[in-house]
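Residue-level structure breakdown
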Amino acid sequence: QVQLVESGGGLVQPGGSLRLSCAASGGISSIYAMGWYRQAPGKQRETVAAITSRGSTNYLDSVKGRFTISRDNAKNTVYLQLDSLKPEDTAVYYCNFAPPFQIRWGQGTQVTVSS
């Protein structure tokens, strides 16, 4: 019943920006920590950023200073602002609840950084 839908990906040049959104439905509570994850071709999925229900955040070292995670609990939505994008950021980006509450992975949204 709980569903997470990612959107906002696209093709951008190096140095460009994107804003990803994750909309939650199914009657979920705002008390859960949530995160953004990504998976590049041939690579394992990795955690990019996480945010608690109170707004405390943490990031993958390689994206610190470039990505910003935020949430609007009233809208049941989590965002990931991607700035200063690099080709190595190319991946499918997923949102989910933080462990141990993760649910089935959805389709994600594709981010491609290329000139």
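The paragraphs below set out a description of the structure included in this document.

What counts, and where the lines are drawn
Residues numbered from 1 in each chain as written. Predicted model: local features only at pLDDT ≥ 70, side-chain atom pairs only at ≥ 80, totals over all residues. Heavy atoms only, no water. Salt bridge = Lys/Arg side-chain N within 4 Å of Asp/Glu carboxyl O. Buried < 20%, exposed > 50% of the residue type's maximum accessible area, 1.4 Å probe, protein only. Helix = DSSP H or I, 4+ residues; strand = E, 2+ residues; numbered from the N terminus. Disulfide = S-S within 2.5 Å. Pairing = 2+ DSSP bridges. Axes fitted to C-alpha atoms, helices over the stretch in contact; angles between N-to-C directions.

**Brief notes about the pattern of salt bridges**
Enumeration over the complete set of coordinates arrives at four salt bridges. Two residues, Glu 46 and Arg 38, come together in a salt bridge whose shortest N-O distance is 2.8 Å. We classify Arg 38 as buried; its relative accessible area is 6%. Between Arg 38 and Asp 89 there is a salt bridge, and its shortest N-O distance comes to 3.0 Å. Remark: Asp 89 occurs in the loop between β8 (77-82) and β9 (91-97) and Arg 38 occurs in strand β4 (residues 34-39); sequence separation between them is 51 residues.

**Brief notes about the state of the cysteines**
As used in these notes, a disulfide is a covalent bond between sulfur atoms, one from each of two cysteines. Considering all chains together, one arrives at one disulfide under this definition. Across the disulfide, Cys 22 is cross-linked to Cys 95 (sulfur-sulfur distance 1.9 Å). Every disulfide takes its handedness from the sign of the S-S torsion; for Cys 22 and Cys 95 that torsion is 65°, giving right-handed. One end of the pair, Cys 22, is in strand β3 (residues 18-25); the other, Cys 95, is in strand β9, and 73 residues separate them in sequence. Comparing Cys 22 with Cys 95 shows no difference in burial state: the two are buried.

**Observations regarding the environment of Ile 103**
For Ile 103, the location among the structural elements is in the loop between β9 and β10 (109-113). Here Ile 103 falls in the partly exposed class, since its relative accessible area comes to 27%. It is 8.5 Å that separates the C-alpha atoms of Ile 103 and Gln 3, two residues lying 100 residues apart in sequence.

**Digging into the sheet that holds strand β6 (residues 57-59)**
In spatial order, the strands read β2-β10-β9-β4-β5-β6; together these six strands make up an open sheet with mixed pairing. The open sheet has two edge strands with one neighbour each: β2 (10-12) and β6. With strand direction ignored, the average angle separating the axes of adjacent strands in the sheet is 25°. Bridge analysis of β9 against β10 gives three bridges, and the strand direction is antiparallel. Looking across to β10, one finds that Val 92 is bridged to Gln 110.

**Some thoughts on the sheet that holds strand β1 (residues 3-7)**
With antiparallel pairing, the four strands of this open sheet are ordered in space as β1-β3-β8-β7. With partners counted over all chains shown, the strands left at the sheet margins are β1 and β7 (67-72), one partner each. Pairwise comparison of adjacent strand axes, ignoring direction, gives a mean angle of 15° for this sheet. The pairing of β3 with β8 spans six bridges and is antiparallel. The residue bridging Cys 22 from the neighbouring strand is Val 78, located in β8.

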